[in-house]
Amino acid sequence: MANIFPRWSNRLPLLVIIGLFLVGTAAIAGIWYYFTPKYTRVGYQPVQPVPFSHAVHVDQIGLDCRYCHSAVEKSWYSNIPTASTCMNCHNQVLKDDPRLAAIRESAATGIPVPWVQVHKVPDYVYFNHSVHVNRGISCVHCHGEINKMDEVYHAKPLSMTFCLDCHRNPAPNLRPPEKVTDLAWNPHQHLPKDWGEKAKKDWKVNASQNCSACHR
Amino acid sequence: MRYFLLIFGLTILGVMLIAGKRGDISRRPPLEVFPDMDRMPKLRPQTRADFFTDGMSSRLPVAGTVARGSAWQDAPVNTGKQPGTTNWVEVIPVAVNEQLMKRGQERYTVYCLVCHGAAGDGKGITGKYGMVAMANFHDPRLVKMADGEIFNAITFGKNLMGPYGGQIPIEDRWAIIAYVRALQRSRLATLDDVPADHRDALRRAMPPPAPATNAPAARPQ
């Protein structure tokens with residue numbers, strides 16, 4: 001009686017196992033690499049209706065973040081300025097520039113400029129700006145070096161791990177409250193090593209790791 | 001096996017080429033892998049809301065109403081005017097202490113400094129970009145101006161200056177005025193304003209012609 005199966009079929013189970021192993025590894029690696037805000041969110045740089053440059057306004061001119069985002073110390077939400085805030089200067093500076101047409105129109109009509117929101121946590125996350133900036137967490141920590149960006153892009157993942165890493169060990173990220181909006185200021189250059197630990201104790205920083213701290 | 005490896009390799013390469021790497025700049029809105037309840041049909045501030053005819057999720061107060069805690073009373077602290085009149089209040093109607101002064105300095109730095117300059121002389125950086133006629137606080141007209149009138153200028157703007165009432169809360173406006181007064185004082189002070197134990201050090205530091213005139217050394221007129 002002749003062989004029903006050819007000789008190579010002896011190797012078949014081994015090949016199938018190797019094949020499944022490869023596919024499985026690739027799938028896990030792919031999910032690990034891609035299914036995270038580090039991939040999905042970081043780098044998002046939408047086209048804005050007006051090409052506003054933070055680099056020019058903050059780094060070059062020296063405006064404080066709070067000049068425009070004036071409610072950040074009092075509200076959970078960091079407000080986008082109204083067009084009339086822009087017009088405080090742009091009624092004179094570049095006052096006929098075509099790039100600012102949308103601002104002038106908005107200031108005249110009261111219809112907001114449709115800015116595109118870049119940083120957005122899921123709707124079931126309740127992030128409070130004021131509690132962070134009032135306790136020495138700088139803007140730069142979550143938003144990256146906005147002061148150097150011509151167009152804002154999403155620099156940090158803002159994933160749950162991102163929040164928890166800091167909530168588990170807030171001390172290294174604390175800085176004096178008056179330096180919170182000074183994005184170019186490097187705390188590691190200016191503060192003694194144990195400053196953060198001391199501030200954490202003095203200010204009674206108790207970064208909650210409870211689910212209900214953010215998910216309410 | 002060879003074909004399998006070829007297809008496997010090409011698939012991985014294809015995915016990597018199309019998906020790119022972490023942190024690549026992209027104009028497309030972020031992918032939400034498990035969107036479950038990421039976006040709920042609730043209104044968030046400053047977003048589009050077609051439920052309202054003007055399409056804005058952030059609502060203005062209904063006409064004729066005031067929000068709790070908002071400043072609506074005709075009191076000097078809210079208006080800068082004496083109640084029932086159009087006369088400015090002369091002096092800041094809140095307690096001026098070191099805390100208010102510090103707050104004023106901080107808020108001045110945030111909101112005023114770009115135009116009026118760190119010294120309050122109207123030589124802020126925006127002058128280099130074409131802004132004109134920024135007020136110099138050392139101008140005698142402004143030194144004499146009532147505190148209430150400065151309050152009004154901050155709240156509603158003046159000439160080319162826009163209104164800052166929306167950005168600067170009332171308490172902070174008075175704090176800024178206190179600090180502006182301190183800036184003015186810095187150029188109008190006499191030697192008598194200096195604590196006695198510091199006067200000698202200051203006299204020594206003065207330029208040569210100064211030691212002859214004794215007390216009011218530098219009072220600009």
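Residues numbered from 1 in each chain as written. Chains lettered and ligands numbered in written order. Predicted model: local features only at pLDDT ≥ 70, side-chain atom pairs only at ≥ 80, totals over all residues. Heavy atoms only, no water.

Attention now goes to the overall build of chain B. Looking only at helices and strands, chain B features eight helices and zero strands. Scanning chain B from its N terminus toward the C terminus, one meets helices and strands in the order α-α-α-α-α-α-α-α. Relative to its length of 221 residues, chain B is extended, with a C-alpha radius of gyration of 29 Å against a globular reference of 17 Å. Oriented by its inertia axes, the alpha-carbon framework of chain B measures out at about 100 × 55 × 35 Å. Every one of the 221 residues in chain B was classed for burial, and the buried ones make up 30%. (Helix = DSSP H or I, 4+ residues; strand = E, 2+ residues; numbered from the N terminus. Rg over C-alpha atoms; globule rule 2.2 N^0.38 Å. Buried < 20%, exposed > 50% of the residue type's maximum accessible area, 1.4 Å probe, protein only.)

All right, on to the interface of chain B and chain A then. Of the residues lining the interface, 49 residues belong to chain B; the matching set on chain A comes to 50 residues. Carbon and sulfur atoms supply 56% of the area buried between chain B and chain A, which totals about 4,600 Å² over both sides. Among the residues of chain B in contact with chain A, Arg22(B), Arg27(B) and Tyr129(B) are the three that bury the most area, contributing 16% of the side total. Our count for the contact surface shared by chain B and chain A stands at six salt bridges. Between Glu73(A) and Arg107(B) there is a salt bridge, and its shortest N-O distance comes to 2.9 Å. The interface formed by chain B and chain A includes 28 residue pairs in polar contact (both at pLDDT 80 or more). A breakdown of the residues in the side of chain B that touches chain A according to their chemical character gives 29 nonpolar, eight polar and twelve charged. (Contact = heavy atoms within 4.5 Å. Buried area = accessible area lost by both parts, 1.4 Å probe. Salt bridge = Lys/Arg side-chain N within 4 Å of Asp/Glu carboxyl O. Polar contact = N/O pair within 3.5 Å; in protein donor to acceptor, adjacent residues only side chain to side chain. Nonpolar A, V, L, I, M, F, W, Y, C, P; charged D, E, K, R; others polar.)

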